[in-house]
Amino acid sequence: MLSTRVSRSLTTSSSLRTCTRLKTSRATSSRTYATPTSNPNHVTIVEVGPRDGLQNEKSVISPSVKVELVNRLGRAGLTHLEAGSFVSPKWVPQMAGTAEVITKMERMPGRHYPVLVPNMKGLDLLLDLLAKHPPTSSTPAPTNEIAIFTAATDAFSKANTNCTIAEGLERLEPVTRKALDHGLRVRGYVSVVITCPYAGKVDPQKVKEVTKALLDMGCYEVSLGDTVGTGNFTTVTKLLETVMGGTNAISAQKLAGHFHDTYGSAVNNVQTALNMGLRTFDSAVGGLGGCPYSPGATGNVATEDIMYALKDSPYTVAGDLEAVAEIGDWISKTLGKENASRAGKAIMASKKVSSKL
Ligand SMILES: CC(C)(COP(=O)([O-])OP(=O)([O-])OC[C@H]1O[C@@H](n2cnc3c(N)ncnc32)[C@H](O)[C@@H]1OP(=O)([O-])[O-])[C@@H](O)C(=O)NCCC(=O)NCCSC(=O)C[C@@](C)(O)CC(=O)[O-]
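Here the structure is a predicted model, which is why all the values come from computation and not from measurement.

About the cut-offs
- Residues numbered from 1 in each chain as written.
- Predicted model: local features only at pLDDT ≥ 70, side-chain atom pairs only at ≥ 80, totals over all residues.
- Heavy atoms only, no water.
- pLDDT = per-residue confidence, 0-100.
- Contact = heavy atoms within 4.5 Å.
- Near = heavy atom within 4 Å.
- Polar contact = N/O pair within 3.5 Å; in protein donor to acceptor, adjacent residues only side chain to side chain.
- Areas by Shrake-Rupley, 256 points an atom, 1.4 Å probe, with all protein chains shown as cover.
- Helix = DSSP H or I, 4+ residues; strand = E, 2+ residues; numbered from the N terminus.
- Nonpolar A, V, L, I, M, F, W, Y, C, P; charged D, E, K, R; others polar.
- Buried < 20%, exposed > 50% of the residue type's maximum accessible area, 1.4 Å probe, protein only.
- Core = buried A, V, L, I, M, F, W, Y, C linked by side-chain atoms within 4.5 Å.
- Expected span 1.5 Å × (residues − 1).
- Axes fitted to C-alpha atoms, helices over the stretch in contact; angles between N-to-C directions.
- Parallel < 35°, antiparallel > 145°, perpendicular 65-115°, else oblique.
- Left-handed = near helix turned anticlockwise from the far one by under 90°.

Colleague: Please set out the confidence of the model for the protein chain residue by residue, giving values where relevant.
Modeller: Residues of the protein chain with pLDDT of at least 70 account for 88%, and the chain-wide mean is 89. Within the model, the stretch residues 1-36 combines pLDDT values under 50 with 79 contacts to residues more than four positions away or in other chains. Here the predicted complex carries an ipTM of 0.99, next to a pTM of 0.90.

Structural data, given as C-alpha cells:
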C-alpha cells in the first residue's frame, strides 16, 4: 500500500509532458524539460523497453504494438527511447520490424530514438531508410542516433555477435565513422561488465579498456551493461572506481548505467552509480527484457522503479511516473506477463483503491 504522501503526489502529477522536479513533484510539475547538461542534478533515463525489453520475448510482437509502446512512452514525457535494432533477423527475429516501427512511430522534436546497429550492413539499411524519410519542418528524421555494442569478454562477444572483442571493435570502427559522417550520434554499450554467463567474474580493467576504445572511436557515451544482473554495491563500486580512476580515467559524464534486475539489486546499483557521479541510466518500462544471449537474466531495472526511487530527492527526471506506470501495466498485460515493476504495481493498486473511494 502506498503512503498517503506518495499517493497524493501521484494523483496531482497530471501533466503527461513534464520534467518532474522530484523534490517538489507533489506541489507542481513543470511543463518544460530540464536541459540535462545545464542541471547537474538532472538524471537522464534511456528507455530501452521497446528494444531490450522486447527482443527476448518468445513470440514476435507486431510492429503496431511496438509503435504504440514508443508513442505512449513519448507522450509520457520520456526523452530517450531506444526504438529497435538493425541486427540480423536470423539472430534476433523479434527486432525484424524495426524499419516499420521507426517510420510509423510519433517522432517528437528534441527527443532521441536510438537504434542498435551491429555492423555495416545494419548501418547501410538504416541510412537507406533515412534517405527515404528525410525530416520535414514538422517531423524529425526517424532517428538521429545509433548504438553499437560489444562486451567485456570474448565469450559473450562471440555468443552475441559471432566475433571476439578485438574483431568486434575492428568491425565497429568504420561503422562509427560512417555514422558520424552522416550526422548521427553514436552511443556505445559494453555488456557483461560484472559477470559473464560463459566466463564468470569480469575484470573491471577489461571493462575500462573496452569502454575507452569505444569512446576513442567516437561514441559520445558508453553504457555499462550488467547483463546478467549480478551487480551489487561492492561490485558496482569497484567497477566504477576502476573505470573512473587511475591512468586513462573516464569521466562519469561519459558513462551510463545499464542494470538488469535478476538479483533485485538494480535500483540500489543505480543509486550507487548516482552517488559516484553517473547521471544517465537505461531502464525498461514494466521491467521488460533480458538478453537472448544471457540465459536466465531477467529484465532491465524498471523505469517506474528508478523514477520512484528518485522521487522527493534533489534529482530531476523527465516524464510522468503515473503515466509510465500505466504503460507498464498495459504492455505487461499485452504481452501476457506479470508486471515486473514493484513501483508500477503499487501505483496501479493505489489507483484502483482511489477509484473506488
Ligand atoms: C553481428 C551479426 C550480424 C553477426 O552474425 P553473422 O552470422 O556472423 O553475420 P553474417 O554477416 O554471416 O550474416 C548472417 C546473415 O544475417 C544477415 N545480416 C547480417 N547483418 C545484418 C543486419 N545488420 N541486418 C540484417 N541482416 C543482417 C546477412 O545478410 C546474412 O544473411 P544470409 O546471407 O544468411 O541470408 C549477428 O551476430 C547479430 O545480428 N547479432 C546481434 C545480436 C543482438 O542483437 N543481441 C542483443 C542486443 S545486445 C544486448 O542486448 C545487450 C545490451 C546492449 O542490452 C547491454 C547489456 O544488457 O549487456
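Colleague: Now, about the site of the ligand: what can you tell me, with residues and values included?
Modeller: In the vicinity of the ligand, 27 residues are found, and the nearest of them are Gln55, Lys90, Asn162, Ser191 and Thr227. Between the ligand and the protein, one listed contact pairs an oxygen atom with a side-chain N or O atom of Arg51 at 2.9 Å. At a separation of 2.9 Å, an oxygen atom of the ligand approaches a polar side-chain atom of Ser88. Taking 1,100 Å² as the accessible area of the ligand by itself, protein coverage stands at 77%. Contributions of two or more residues to the shell around the ligand are made by helix H2 (49-53), helix H5 (120-132), helix H6 (154-161) and strand S7 (185-191). Of the residues in the shell around the ligand, the class split is 11 nonpolar, 11 polar and 5 charged.

Colleague: Could you give an account of helix H10 (residues 266-275), naming the residues involved and the relevant values?
Modeller: Considered for burial, the residues of H10 that qualify are Ala266, Asn269, Val270, Thr272, Ala273 and Leu274. Elements that come into contact with the buried residues of H10 comprise strand S2 (42-47), strand S10 (221-226), helix H9 (233-244), strand S11 (255-259), strand S12 (280-283) and helix H11 (303-310). Taken from the residues just after H10, Gly277 is the one with a positive phi, measuring 110°.

Colleague: Residues and numbers for the environment of Asp52, please.
Modeller: Locating Asp52 in the fold gives a position in helix H2. Spatially, the C-alpha atom of Asp52 lies 13 Å from that of Pro93, the residues being 41 residues apart in sequence. A polar side-chain atom of Asp52 sits 3.1 Å from a polar atom in the side chain of Gln55.

Colleague: Which residues make up the nonpolar core, and what values do they have?
Modeller: By size, the foremost hydrophobic cluster in this structure holds 94 residues, and its most contacted members are Leu126, Ile146, Ile148 and Phe281. A per-element tally of this core places helix H12 (residues 321-335) first, with 8 residues. Not counting the four nearest positions on each side in its chain, Leu126 is found in contact with Phe86, Ile102, Val115, Val117, Thr143, Ile146 and Leu184.

Colleague: So what's going on with H5? Which residues, and what values?
Modeller: The first and last C-alpha atoms of H5 sit 18 Å apart over 13 residues, in line with the 18 Å expected at 1.5 Å per residue. Where H5 is buried, its residues touch helix H4 (98-104), strand S5 (115-116), strand S6 (145-151) and helix H7 (165-181).

Colleague: Help me get a handle on the packing of H11 against H12, residues and values and all.
Modeller: Direction vectors running N to C along H11 and H12 enclose 155°, while the axes themselves pass 9 Å from each other. Regarding the angle of H11 to H12, the classification is roughly antiparallel. Read as a crossing pair, H11 and H12 show a hand that is left-handed. Contacts between H11 and H12 involve Thr303, Glu304, Met307 and Tyr308 from the first element and Leu321, Val324, Ala325 and Gly328 from the second. Class assignment for the residues of the contact of H11 with H12 results in 5 nonpolar, 2 polar and 1 charged.

Colleague: Quick one: what's the story with the environment of Thr164, residue by residue and with numbers?
Modeller: Its place among the elements puts Thr164 in the loop between H6 and H7. Not counting residues up to four positions away in its chain, the partners in contact with Thr164 are Asp154, Ser157 and Lys158.

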